[in-house]
Every structure is written in structure tokens, then in C-alpha cells.
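Listed below, chain by chain, are the residues.
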Amino acid sequence: MKEKILLASPHMSKEGYEQEFVNEAFKTNWIAPLGPNVDNFEKELATLVGINHAAALVSGTSAIHLALKAAGVKDGDIVLCQSLTFSASANPIMYERAIPVFIDSDMDSWNMSPKHLEEALIKYPNAKAVVVVHLYGLPAKMDELVSICKKYNVALIEDAAESLGTTYKGKYTGTFGDYGIFSFNGNKIITTSGGGMLVSNYEERVQKVRFWATQARDKARHYQHSDIGFNYRMSNVVAGIGRGQLKVLNERVLKKREIYFMYKEAFKDIKEIEMMPLNDFGFSNCWLSSMTIKGAITPIDVIVALENENIEARPLWKPMHLQPFYEKFDYIGTDVSEKLFNTGLCLPSDTKMTKEQQQRVIDVIRGLFK
Ligand SMILES: *Cc1c(COP(=O)(O)O)cnc(C)c1O
């Protein structure tokens, strides 16, 4: 069996920064709960992306959940959500018993179509929140999306789980909306083994998020609760890994982009292949190099051919409006997200992958299009 090539996997710094912060937590016996690594991880990430406040949580999913709560989403409210995404963008809408309405993507950004968002807001003028995703690290069309959300007075939540390090017109994704969320799951551009962050410029809302995330304990000597709580706070050990990983974020982004451009160059003469769109309005972290193909060879053919060589690849996210669980909800758009799903796939984009290993991936794919 040939050496396995992964889609994306955890990549700790060669300097051992993560270990140092974790050791510090052990030495001071500050394992949990909270502690200086958590406070500093929040501050360091907020400074890096240019936002005032951040709350470190156990996952990106929990961050979306509390962002919805912070935006005031309640039982029966409408939440407009990008359809082409991972299910974790939408599931927290259900946790709050709100009603998702799915929105199509644009072919040139792969993310939420401003036109269809406006259509949805005309149909659902009382929608409480909009969840926009920056898929695979590609920035969504934020100028248009932000101004539509302002016009209809609806809260904007950016699911930047895949796009830490991506900018749109020079500003970091995750900082355009009322709330932004990041994920540090094992396959993301940086990882804490598992974790997430909610960011916002609303100080009092972020404090509320920290309150909800630590079981909603009122200030009292006994255990007093005037609200429902969650056990969603990041631990001081995990935050130590995050602080170390933040130091190499830039390095990881550059490597991800190098991987993307090596694929782009390698496939430029194959007319059936089109790499995911990098637009002039943004700088993508290229989290997963993805492509669409047309003609007789299908994404599944490519995935199977790679699998036979012990190389991991995946279809694009299956749109939420086509998921058995979500198909009963409304969908605004045409067939763009469905087309992307039917024609697209994600290629190995592991930052530990060598050029030689990437060449193996390229050779298999080029072999199919001979
Ligand atoms: C990974 C991911 C999430 C969820 O993050 P977790 O930390 O795994 O909970 C949410 N949305 C998108 C688009 C993701 O890729």
C-alpha cells in the first residue's frame, strides 16, 4: 500500500509553541477551568483579526449556537442560511427551534448569492438572522451581503470556520457581521484538537455568551439560574494549543496557497478542470483546494481513482436543501449549489504534504484526463 495522503490533518509547529503553552498550564496546575491561556487566546485571536471581543468555546458549532442566541433567535424565528455548507452551519438553528430557510450560492464566489438573500428577505421580512459561510476559505461577497442585512435590519452571523486568515478587501472574514465564528477542529487550518471562537464588537453580548457557555450561573453564593446554560467553554489546556497554533497561522495560509497554485498550474491545460474561484476582492486561505469538472469523468471517478492510490479526496458539501433532514424547509435560489455539488471535489490540501506527494495526486488526476 502506498503512503497515505490526507485531505487535511493537524499540523503542530516545528518550534513546539503549543507544547510550551500546554506545559505552562500543567506547571501552574491551571488545567481547567479557564485560566490565562483562555484569556490570552481570546485576546490574541481578536487582535489578529481586528475585532474587539472574543469568547473561546468548545467548538465552532457551539459558537454558531451562541451567536444565534446572542442575535436573539428564538422558537419559531426564521433564520436564513447558506445551503452549500457543512451541516454544523444549520444544526444550531434547530437547537433553538427556529426555522431555517436555505439560500443558494453564486457560481463566482461559491458562497451566498446576494440576489437570493434579498429575495428571501422580501419573502421573510421578519427573519431574525442570516448565516453566511466562507466555504473552503473563499470569501463571500461581503459588501453586498452586509448592506442587504443592514437594509432589512437582520443580524449577520459569519460562519468563518473554514476561513481563518482569509480577507475580503483587506479585512478578515469573521469580522464583517454582528457575530463571527471560527473552528479549531482537527481538519481546520489551525486546530486545538477541538474548539471554537465567537467574535464580535458587542462587548456586552460577548460577556453574555461567556455566561451562557459556563452554565448561566447568576451572581449568588448558591447555584442560581435565571436563564438556561450550556457547558461550552474552552479549557485552559486546549487554549494553550490554540495560542501556539496562532503563531503559525500565516505559515499555514502560505502553504495552503502554494498547494492551490501547484494544482492550478498542473491542470491549466485540462479544459474539463476548473479550480475554485480566487477573486480579486479577497485573499483566500485556500483551506481545501477544490475544483469542478465537466465532461464524461465525474467527481466520483476522480475520488475513486485517488482512493485506489491511498489518497483522500471528498465531494463538495452536499447542499442543506437536498439533505433528507432539511429538505422540508424552504429554499431560495436556483441550481447553483446543486451544480457545484454534482461537479465538484476537494483535493488533498494537507500542509504536511510534500511537493512529491502532491505530484502523486496530480499524476493520478492527469492520468484520468489523458
Ligand atoms: C467545521 C465547520 C463547522 C463546525 O465547527 P466544529 O468546530 O467542528 O464544531 C461549522 N461550519 C463549517 C462551515 C465548518 O466547516
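Residues numbered from 1 in each chain as written. Predicted model: local features only at pLDDT ≥ 70, side-chain atom pairs only at ≥ 80, totals over all residues. Heavy atoms only, no water.

### Topic: the site of the ligand
- Near the ligand there are 15 residues, and of these Thr61, Asp159, Glu162, Ser183 and Lys188 occur at the shortest range.
- Interatomic distance of 2.7 Å between a backbone N/O atom of Gly60 and an oxygen atom of the ligand.
- Between an oxygen atom of the ligand and a side-chain N or O atom of Ser183, the distance comes to 2.7 Å.
- Coverage of the ligand by the protein amounts to 93% of the 380 Å² it exposes when considered alone.
- Partitioning the shell around the ligand into residue classes produces 4 nonpolar, 8 polar and 3 charged. (Near = heavy atom within 4 Å. Polar contact = N/O pair within 3.5 Å; in protein donor to acceptor, adjacent residues only side chain to side chain. Areas by Shrake-Rupley, 256 points an atom, 1.4 Å probe, with all protein chains shown as cover. Nonpolar A, V, L, I, M, F, W, Y, C, P; charged D, E, K, R; others polar.)

### Points about the pattern of salt bridges
- Following the criterion strictly, the structure yields 22 salt bridges and no others.
- Across the salt bridge formed by Glu251 and Lys14, the nearest N and O atoms sit 3.9 Å from each other. Here Glu251, found in helix α9 (residues 249–266), pairs with Lys14, found in the segment before α1 (17–27); they are 237 residues apart in sequence, far enough to count as distant.
- Looking at Glu251, the relative accessible area reads 38%, which means it is partly exposed.
- As a salt-bridge pair, Glu44 and Arg243 come within 2.7 Å of each other at their nearest N and O atoms. Taken together, the positions of Glu44 in helix α2 (residues 36–49) and Arg243 in helix α8 (residues 236–246) put the pair 199 residues apart, joining distant regions of the chain.
- Connected via shared salt-bridge partners are Lys14, Glu15, Glu251 and Arg252. (Salt bridge = Lys/Arg side-chain N within 4 Å of Asp/Glu carboxyl O. Helix = DSSP H or I, 4+ residues; strand = E, 2+ residues; numbered from the N terminus. Buried < 20%, exposed > 50% of the residue type's maximum accessible area, 1.4 Å probe, protein only.)

### Quick look at the UniProt feature "active site" (unreviewed entry) in the chain
- UniProt tags Lys188 as "active site" (unreviewed entry).
- The class for Lys188 is buried, based on a relative accessible area of 12%.
- Look past the residues within four positions of Lys188 in its chain and what remains in contact with it is Ala161, Glu162, Ser183 and Trp287. (UniProt positions renumbered as here; feature names shortened; annotations may be inferred. Contact = heavy atoms within 4.5 Å.)

### A closer look at unusual backbone geometry
- Positive phi outside glycine occurs at Trp110, with the angle close to 70 degrees.
- By secondary structure assignment, the location of Trp110 is in the loop between β3 (99–103) and α5 (114–123).
- One non-glycine residue with positive phi stands out, namely Lys169, at about 45 degrees.
- Along the chain, the position of Lys169 falls in the loop between β6 (167–168) and β7 (171–172).
- Taking relative accessible area as the criterion, Lys169 reaches 54% and is therefore assigned exposed.

### Here's the deal with the sheet that holds strand β11 (residues 282–283)
- The antiparallel open sheet is built from 3 strands, whose spatial order is β7-β6-β11. Edge positions in the open sheet fall to β7 and β11, since each of these has one partner strand only.
- Across 2 bridges, β6 lies against β7 in antiparallel orientation. Bridging from a neighbouring strand, Thr167 pairs with Tyr172 of β7. (Pairing = 2+ DSSP bridges.)

### Some points on the environment of Asp227
- Its location among the elements puts Asp227 in the loop between α7 (203–213) and α8.
- For the pair Asp227 and Gln215, spaced 12 residues apart in sequence, the C-alpha separation works out to 8.8 Å.
- Leave out the neighbours within four places in its chain, and Asp227 touches Lys208, Phe211, Trp212 and Ala216.

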